[in-house]
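# Chains, contacts and geometry: an overview
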Amino acid sequence: MPETGYPYRSKKTDDICDDVCGEASRAALSMSKRLRCALRWFDLKALLLLLIGVPILIFVIHVHGQKFTYFLRPLWESPPKPFRTMPHYHHENVSMENLCKLHGWGIREIPRRVFDAVLFSNELDILEVRWNELSPYVSEFILLESNSTFTGLKKPLFFASNRRFKFVESRLTYGTGESFVEESYQRVALDQLIRIAGISDDLLIMSDVDEIPSGHTINLLRWCDDIPEMLHLQMRNYLYSFEFYVDDDSWRASIHRYRDGKTRYAHFRQTDDLLADSGWHCSFCFRHISEFIFKMKAYSHVDRVRFSYYLSPSRIQDVICHGADLFDMLPEEYTFQKIIAKLGPIPSSYSAVNLPSYLIQNADRTDTFSRELQAKVAE
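Residues numbered from 1 in each chain as written. Predicted model: local features only at pLDDT ≥ 70, side-chain atom pairs only at ≥ 80, totals over all residues. Heavy atoms only, no water.

## Observations regarding the state of the cysteines
Stated precisely, the cut-off is as follows: In plain terms, two cysteine sulfur atoms within 2.5 Å form what is called a disulfide here. Helix and strand assignments come from DSSP, with helices taken as H or I runs of at least 4 residues and strands as E runs of at least 2, each series counted from the N terminus. Type-normalised accessible area, obtained with a 1.4 Å probe on protein chains alone, sets the label of each residue: buried when under 20%, exposed when over 50%, and partly exposed for intermediate values.
For the structure on display, the rule yields two disulfides. Here Cys-100 engages in a disulfide with Cys-224; their sulfurs sit 2.0 Å apart. Across the S-S bond of Cys-100 and Cys-224 the torsion is about -90 degrees, and the bridge reads as left-handed. Here the residue Cys-100 occupies a position in helix H5 (residues 96–102), and Cys-224 occupies one in strand S8 (residues 224–225), the gap between them amounting to 124 residues. Residue Cys-100 shares its accessibility class with Cys-224, and that shared class is buried. Through a disulfide, Cys-282 is tied to Cys-285; the S-S separation comes to 1.8 Å. Handedness of the Cys-282-Cys-285 disulfide follows from its S-S torsion of about -75 degrees: it is left-handed. The buried category is assigned to Cys-282, whose relative accessible area is 1%.

Here it is as C-alpha cells:
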C-alpha cells in the first residue's frame, strides 16, 4: 500500500523526459534536452524521409508542376462549346456558281473586295507565303508593326527594313506604332489603320500572320452571296514547318462582312460558325534559330520560358528537328484521351499535298534550307 499523501503510479516512465519535462524543471531545460524530449515521439526513419522527401518533392513540382497542371486539366476545366462546323466544298473543275450552291449560298454578279489585316512582329518568311497565297483575291493588304514586343522589349522595324514585297506595294496600307506593350492596344490601333485603308461594305480577314487562309476559300467567300456576317476558319495546325502536322483544331482566324462602327479587330471566338478545312496555321515556322529565340521572348506567352536554358540555340535546334515541344509542355487539351494521344514528339509528314502553292513553286528554296539544317545537326 502506498503511503498516505503520495500518489501511486503503476505506469513506467522515461527517466530522461520524466526528469526534464516536468513542470518544475521546464524553465531550466537546456536546448538539447528539449530537442531530445520533443523527438522521442518521432520515428528516425520517418524523420529522415521527411527531411529528404520534402525538398525533392518541391524540386519536382518546380520543374514539372506545369505538366501536372496540364495533364489534370480535364478535371478542372470543361471543353469549350463546340462549333457549328460547315462543310467546305472545293474543286478547281467545279464552277463557282455550283460551289456557292453547294454551300447554300447564291452567287454575286461581281465579287466583294477583300481586306487582309495583320499585326506583324518578325515573321518575314511566313508573311511571304501568306501574301503570295492571297494576292490574287485581296484588294488591300494592311500591316501594322510596332517598335516593341507584347512583352515590352524594344525591337527593330523588321518589315520597314525588308520591303521585298513589290507585288503588294500598290495595295499596301502600312503603319507603325510606338511601344504597344499589350496586344489589345495593337488591335485597337489596327482598327484605325483598317479604316484609313478605305474599307466599307467589304470582307475583312482577321488572323495572325501565320494563320493563312487558303486562296480558294477567300475566292469562294468573295463571290458567294448571303454568307454569314462572321465566320471562323478551321485550319490545319503545323509546328516549326509544314513537315510537322499536328491537328486541324486551329479556329481563331476569321472573316467578316465589315460593318462600320460595329466590326472590331479581334483574335478570340466571335461566332459559333466554323468553315471546315480553310487554310493552314504554321506556328513557330522560322528559318533561323535566332528568330525562334526572339519569338519565345517576345510573344504573349513568355511565361512559358520558365528556365533560361530553354533559349539555348543547341537545345532549340534539337527540339525542332525532332518535333518536340519548345517549352517542354504537355498538349493543351480538355480530355485525357487527346492528351495521351498527343504525348511525345510530332511524327514527320511525307505529304506536300494541299499546301500553299507558293511553297511548292519554291521547293528549291525549302530544300536549300533543309540541307543547311541537316548540316547544322551533323555538326
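Still to come is the rest of the account.
## Observations concerning the sheet that holds strand S12 (residues 254–257)
Put simply, the test is: When DSSP finds two or more bridges between two strands, those strands count as paired. Axis geometry follows a simple rule: fit a line to the C-alpha atoms, using only the stretch in contact for helices, then measure angles between N-to-C directions, giving values from 0 to 180 degrees. Should any heavy atoms of two residues lie within 4.5 Å, those residues are counted as being in contact.
The sheet built from eight strands is open, its strands ordered S1-S13-S9-S12-S6-S3-S4-S5 with mixed pairing. Each edge of the open sheet is held by one strand with a lone partner, namely strand S1 (84–86) and strand S5 (172–177). Along the sheet, successive strands turn relative to each other by an average axial angle of 25 degrees, direction set aside. In this structure, strand S6 (residues 203–206) lies alongside S12, joined through four bridges in antiparallel fashion. Bridge pairing links Leu-203 to Arg-257 in S12. Here helix H6 (residues 124–134) sits on the sheet and contacts strand S3 (114–120), strand S4 (140–146), S5 and S6; the angle it forms with S3, its principal contact strand, is near 175 degrees.

## What about H6?
Three or four residues apart is the spacing at which side chains of an α-helix point the same way, because the helix has 3.6 residues per turn. Most of H6 is tucked away, with nine of its 11 residues classed as buried. Turning to H6, its buried residues are Leu-124, Ile-126, Leu-127, Glu-128, Val-129, Arg-130, Trp-131, Glu-133 and Leu-134.

## Observations concerning the confidence of the model for the protein
Detailed conclusions should not be drawn from predicted coordinates in areas where pLDDT is low. This is how it is decided: In predicted models, pLDDT denotes the confidence assigned by the predictor to each residue on a 0 to 100 scale.
Taken over all residues, the pLDDT of the protein has a mean of 84, while the share at 70 or more is 79%. Note that pLDDT drops below 50 for residues 20–25; the model gives that stretch seven contacts with residues more than four away or on any other chain. Contacts from residues 367–379, a stretch scored under 50 in pLDDT, to residues over four places away or in other chains number seven contacts.

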